[in-house]
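# Observations on the three-dimensional arrangement
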Amino acid sequence: METANTNLDFSKLTTLTVSIENHIAHIQLSRPEELNSMIPVFWHELPQTVRQIDHESAARVIVISAQGKHFSAGMDLSVFAQMAKDFKGEPARRAERLRRSVLELQDSFNALEQVRMPVLVATHGGVIGGAVDMICAADCRYCTQDTFFTIKETEIGMTADVGTLQRLPNLIPQGLVRELAYTGRNWSAQEALAQGFVNSVFEDQETMLAAVMKIAKKIALNSPMAVAGCKEMINYTRDHNVQDSLTYMATWQSGMFQMPDVHEAMAAQTEKRMPQYAELLDKSSMMTNK
C-alpha cells in the first residue's frame, strides 16, 4: 500500500485495500473469495475510509473498484442474520432500533456523496443488491461489458432501503427504475449505457481501470477548490429548484471564488506546464489545538 499522507494508516482494514498516489485514492473491495459481499465491518470501513481521505485532504479523486470475479454480491447474509436477532421485544422499541440501523447503513453510502472530492466507481461482473445502492451514490460509474446490475432485494422479500430507490430515479427514467425494482431482473451493461447509468463500457477490467485512472488523473490536475465546488453545486441542484440553486451558487461564489487558482491556471497555460494548486485544507475542527 502506498499513501501520500503519513497521518493515514489503512493497513488494518479487512474488507478494503487502499492506495494513494498522484492525488488519486484507489479503494478496492478486497474479499474476492466471498464475492466482496458486504459483511458488518464493511459498513463501517467504507465510510470511515472515504471520510478519512477527505478529512486529511489526502486525495483529489477517489476511485473504487473490486478484486475477484464480481464487483459485489451485496449485503452479506451475516448482516441479515444479525438484524433478525433484533426482531424481538416490544414492537415500538424494536422498530425504533431498526430505523436507526437502516439510517446507519444509509450513512455508509451517503459518505460517497458528502466527501468533497469526486468518487468514480469501476464495476465488473455482478453488481448486486447493496452494491447498486453504493454505486448510485458515486459521481460517475463505469463498467465492463460482462457487468450486470440487479435490485436483488425485491426477490428476497424486501424493499431496497439503502439509497437505490432514492437516487436511481435521478439517474435513469422513472419507468425503467420501476421495472427494475418491481422485477429484480438483471440489467446489462449495454442497457445501463443506453440509459445513461454508466458513462462507458469497456472490454475488460484492465482496460476499464486504465481508462478510469486516466479520467481521475485529468480531474486531479484541476483546482481541487473548483472541482469541490462543482460537486457541491451539482448535488445541491439535484435536490432544489433552479432559482434556489442559482442563489446558492451566487452565495458560494461570493466567498469561494478567489483569484490565486485562476492566475495559476492562466500562467500554466501561458508557460505550457502543468498547474500547481494548493490542496484543500483538512477538516480538523477549529475548536482543537491542531
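One can find the structure itself at the top, above this paragraph.
Owing to the predicted nature of the structure, the values given are computational and were not obtained by experimental measurement. (Residues numbered from 1 in each chain as written. Predicted model: local features only at pLDDT ≥ 70, side-chain atom pairs only at ≥ 80, totals over all residues. Heavy atoms only, no water.)

### Details of the sheet that holds strand 9 (residues 200-202)
The test is simple: Pairing between strands requires that DSSP locate at least two bridges from one strand to the other. Counting from the N terminus, the helices are DSSP H or I runs at least four residues long and the strands are E runs at least two residues long. To get an axis, fit a line to the C-alpha atoms, keeping to the stretch in contact for a helix; angles then go from 0 to 180 degrees between the N-to-C directions. Two residues form a contact once any of their heavy atoms are found within 4.5 Å.
Strand order in this open sheet of six strands is 1-2-3-4-6-9, and the pairing throughout is mixed. The open sheet has two free edges, formed respectively by strand 1 (16-21) and strand 9, since each of these has just one partner strand. Across this sheet, the average inter-strand angle for adjacent strands is 20°, counted without regard to direction. Across six bridges, the pairing between strand 1 and strand 2 (residues 24-29) is antiparallel. Directly across from L16, in strand 2, lies its bridge partner L29. Packed onto the sheet, helix 1 (residues 42-55) meets strand 1, strand 2 and strand 3 (61-66) and runs at close to 10° relative to strand 1.

### Some words on the side chain of E113
What counts here: Only protein chains enter the accessibility calculation, which uses a 1.4 Å probe; a residue whose area is less than 20% of its type maximum is buried, one above 50% is exposed, and one in between is partly exposed. Between N or O atoms, a polar contact is any pair within 3.5 Å; within protein, one atom must be a potential hydrogen donor and the other a potential acceptor, and residues adjacent in sequence are included only when both atoms are from side chains.
Positionally, E113 belongs in helix 3 (residues 91-114). Look at E113 and you get buried, because its relative accessible area is 15%. For E113, the side chain forms a polar contact with the side chain of R167, separated by 2.8 Å. Apart from the residues within four sequence positions on either side, E113 is in contact with A137, R167, K231, N235 and R238.

### Overview of the pattern of salt bridges
The cut-off we apply is this: What makes a salt bridge here is a side-chain nitrogen of Lys or Arg within 4 Å of a carboxyl oxygen of Asp or Glu, nothing more.
One pass over the full model with this rule turns up 16 salt bridges. Between K12 and D9 there is a salt bridge, with the nearest N and O atoms lying 3.9 Å from each other. Close ionic contact of R273 with E271 constitutes a salt bridge, the shortest N to O distance being 2.6 Å. The exposure class assigned to R273 is partly exposed, which follows from its relative accessible area of 31%. Judged by relative accessible area, E271 falls into the partly exposed class, the value being 49%. Because the salt bridges share partners, they merge into one network encompassing E113, R167, R238 and D239.

### Examining the nonpolar core
Generally speaking, soluble globular proteins have nonpolar side chains that are buried together. Threshold: Only buried Ala, Val, Leu, Ile, Met, Phe, Trp, Tyr and Cys residues count toward a nonpolar core, and they belong to the same one when joined by side-chain atoms within 4.5 Å.
By size, the foremost hydrophobic cluster in this structure holds 56 residues, and its most contacted members are F42, I53, I64, F71, M134, F149 and F197. Sequence-distant contacts of I64, that is, excluding residues within four places in its chain, are made with I27, L29, L46, F71, L112, V119, L120, V121 and A122. By size, the runner-up hydrophobic cluster in this structure holds 14 residues, among which are L120, M208, L209 and I219.

### Re the packing of aromatic side chains
The cut-off we apply is this: Two aromatic rings, drawn from Phe, Tyr or Trp (for Trp, its six-membered ring), form a pair once their centres lie within 6.5 Å of each other, and the interplanar angle then sorts them: stacked below 30 degrees, edge-to-face above 60, tilted otherwise.
If you walk through the whole model with that rule in mind, you get seven aromatic pairs. Centre to centre, the rings of F149 and F197 are 5.4 Å apart; their planes meet at 90°, and the pair counts as edge-to-face. With a gap of 48 residues between them, F149 in strand 7 (residues 148-150) and F197 in the loop between helix 7 (189-194) and strand 9 connect regions that are remote in the sequence. Overall, the relative accessible area of 1% leaves F149 in the buried class. With centroids separated by 4.2 Å and ring planes inclined at 40°, the aromatic side chains of Y236 and Y248 adopt a geometry described as tilted. Separated by 12 residues along the polypeptide, Y236 in helix 9 (residues 224-238) and Y248 in helix 10 (residues 242-256) bring together distant segments of the chain. Classification of Y248 by relative accessible area gives partly exposed; the value is 23%. In textbook terms, an aromatic cluster arises when at least three aromatic residues are bridged by ring pairs, as seen for F42, W43 and F109.

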